[in-house]
Amino acid sequence: MNLCPVDASPVEIIMDLRRLEIEQPGQSWYQPERNNMWRFGGLLPLDINNPDDQPHIFNLGEGHTPLLDYNDHPLAREAGFSLYLKDEGKAHAGFGANPTQSFKDRGMAMTISMAHKAGIRKLAIPTQGNAGDSLCEYADAAGMEAVVAMPDNTPMPILGRVAALASQSERFRLELVTGTIREAGALLKEKWLDKGYFSVATFQEPGWRIDGKKTLGLELAEPGATGGEWSLPDVVIYPTGGGTGVLGMWKAWNELEALGLIGHSRPKMICVQSENTQPLVNAFASDATEVAPVDPGETLAYGVNVPGGVGHFRVLSIIRESAGAAIGVAENDINDALSSVWKDKGWWVCPEGAACLAALPRLLEDGLIKPGNKVVAFNTGSLEKYLPDLRHLL
């Protein structure tokens, strides 16, 4: 299936946690020595320790990314909170490495692996860019076919990489559209999905990408390198396009609670969008229960330029359950934050990650970050994937 056949809502994978505790007691499913997202073993839909699952898992080193210490950020020092950046982009020594330098690799690693186990060999995806790049990387490793539809203004390092694969192999097709992921999805539905291609668009696959992104939440909660207890930060700031990662992290923490590893408390979930395309922000501000699509604007943070999403209603409910917020940030503030972190730290923070840092003043002003809080902001990819569009900011 794609969406639920009853109400056309996204579906999620339900883990049999009782069985997991019986078959792999004492957290034996958890292997912190494994340097990738598959370290969580039996808590994932495919267990890399299971001989029946192993032939279907396409592990390219994704996940297990670092939390970079940003406690010297001026606002963190001034307001007295701890700030960390979860870096999903450039590789860091001693950690895993997302092969396409984007958090999309977590979802695509799980998607390709689950599709392989299900016998699916032809996949299609609409994307703002990074998900298409990632899908091709994993489909190539698995010997599958893929059609990628993306906006014609996608940053050239991303677009060019998919185009190169399409020109070199008949297994790949690239479709360019004027617009956003919305127009890309419409083109695939019109032209490709009736030709035997299975849609792995955001939430259109049966929970696979959610459980790949779930590993983000598991990594935020897992004990440190020297051991200790499972625990969570106080605030998570996440750039939100479709919102798969929000659902994934929330699912991870609910499962950890069911296993008795954490309590009921959750981080405030802060979903960040560009002011130029902010459907979640509008819905949150108006106390709506559904998220109305908007006309997309222009933003350097291409990954959050998503005018509407089938899973946005659930993202909105998670924001409220966590006492969090949806925040829109101005383009100038994104640009300033990107320039500052590059000059201060030399980190390869993408525009979407910079948007999270740009939200800090508003979060402090609104009391969503308090002194003593542990705050984690997400950098979802490497800024080099956006060159030359942002070279003027460096």
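Anything mentioned here points back to the structure above.
Note that the structure is predicted; figures quoted are calculated from it, not measured. (Residues numbered from 1 in each chain as written. Predicted model: local features only at pLDDT ≥ 70, side-chain atom pairs only at ≥ 80, totals over all residues. Heavy atoms only, no water.)

Asks: It is not clear to me how the pairing of strand β9 (residues 325–329) should be interpreted in this structure. Could you clarify?
Replies: Here is the key point about a regular strand: its side chains alternate between the two faces of the sheet. For β9, a buried count of five out of five residues is recorded, marking the element as mostly surrounded by other parts of the structure. Neither face of β9 is left uncovered, since the one carrying Ala 325, Ile 327 and Val 329 and the one carrying Ala 326 and Gly 328 both have all their residues buried. Two strands pair when backbone bridges link them, and strand β8 (residues 268–274) and β9 are joined in this way by five bridges, in the parallel orientation. When the bridges of β9 are listed, Cys 271 appears paired with Ala 326. (Buried < 20%, exposed > 50% of the residue type's maximum accessible area, 1.4 Å probe, protein only. Helix = DSSP H or I, 4+ residues; strand = E, 2+ residues; numbered from the N terminus. Pairing = 2+ DSSP bridges.)

Asks: Which parts of the structure should I look at to understand unusual backbone geometry?
Replies: Of all residues except glycine, most have a negative phi; of all peptide bonds, most are trans. Geometrically, the link from Leu 387 to Pro 388 is a cis peptide bond, its omega value of 5° lying close to zero. Despite not being glycine, Gln 27 has its phi angle at roughly 60°, a positive value. Summarising the element assignment, Gln 27 is placed in the loop between α1 (17–23) and β1 (67–69). Given a relative accessible area of 30%, Gln 27 falls into the partly exposed group.

Asks: Any chance you could explain the environment of Ile 14 here in plain terms?
Replies: Following the sequence through the fold, Ile 14 ends up in the segment before α1. Taking the C-alpha atoms as reference points, Ile 14 and Cys 350, 336 residues apart in sequence, are found 33 Å from one another.

Asks: How should I be thinking about the sheet that holds strand β4 (residues 145–151) in this particular structure?
Replies: Two strands in a sheet stick together by hydrogen bonds in their backbones, pointing the same way (parallel) or opposite ways (antiparallel). One open sheet holds the four strands; their spatial order is β5-β4-β3-β6, and the pairing between them is parallel. This sheet does not close on itself; its edge strands, each paired only once, are β5 (172–177) and β6 (198–199). Relative to β6, strand β3 (residues 122–126) runs parallel, the two sharing two bridges. Residue Leu 123 lies in a different strand from β6, and its bridge partner there is Phe 198.

Asks: When you look at the side chain of His 64 in this model, what are you seeing that I'm missing?
Replies: Relative to the helices and strands, His 64 is located in the loop between α1 and β1. According to the relative accessible area criterion, His 64 is buried, its value standing at 13%. Each residue touching His 64, except ones within four places of it in the same chain, is listed here: Asn 35, Asn 36, Met 37, Arg 39, Gly 94, Phe 95, Gly 96, Arg 106, Glu 219 and Glu 222. (Contact = heavy atoms within 4.5 Å.)

Asks: I tried to follow the packing of aromatic side chains on my own but got confused; where do I start?
Replies: The geometry of an aromatic ring pair is captured by the separation of the ring centres together with the interplanar angle, meaning the angle of the planes. In the structure shown here, the tally under the stated rule is twelve aromatic pairs. Look at Trp 29 and Tyr 30: their rings are 6.0 Å apart centre to centre, the planes differ by 50°, and that puts the pair in the tilted class. According to the relative accessible area criterion, Trp 29 is buried, its value standing at 3%. Judged by its relative accessible area of 12%, Tyr 30 is buried. Ring centres 6.2 Å apart and planes at 20° place the aromatic pair Tyr 302 and Tyr 386 in the stacked group. (Phe/Tyr/Trp six-rings, centres within 6.5 Å; stacked < 30°, edge-to-face > 60°.)

Asks: Teacher, can you tell me more about the packing of helix α3 (residues 104–118) against helix α4 (residues 130–142) here?
Replies: Two numbers describe how α3 lies on α4: the axes approach to 9 Å, and their chain directions differ by 40°. By the angle between their directions, the pair α3 and α4 is classed as oblique. As α3 runs across α4, the sense of the crossing is right-handed. Facing Lys 104, Asp 105, Met 108, Ala 109 and Ile 112 of α3, the residues of α4 in contact are Asn 130, Ala 131, Ser 134, Leu 135, Tyr 138, Ala 139 and Ala 142. For the contact of α3 with α4, a count of residues per class yields eight nonpolar, two polar and two charged. (Axes fitted to C-alpha atoms, helices over the stretch in contact; angles between N-to-C directions. Parallel < 35°, antiparallel > 145°, perpendicular 65-115°, else oblique. Left-handed = near helix turned anticlockwise from the far one by under 90°. Nonpolar A, V, L, I, M, F, W, Y, C, P; charged D, E, K, R; others polar.)

Asks: So what exactly am I meant to see when it comes to the nonpolar core here?
Replies: Nonpolar side chains in soluble globular proteins generally cluster together in the buried interior. Counting residues in hydrophobic clusters, the biggest one holds 74 residues, and the most contacted among them are Trp 29, Trp 253 and Leu 256. The biggest single contributor to this core is helix α8 (residues 244–258), with seven residues. With residues up to four places along the chain from it excluded, the contact list for Trp 253 reads Gly 217, Leu 220, Ala 221, Leu 232, Val 236, Ile 262, Arg 266, Pro 267 and Met 269. Listed in part, the 41 residues of the second largest apolar core include Ala 76, Ile 270, Leu 360 and Leu 393. (Core = buried A, V, L, I, M, F, W, Y, C linked by side-chain atoms within 4.5 Å.)

Everything listed here is a matter of coordinates, which is why it stays silent on function.
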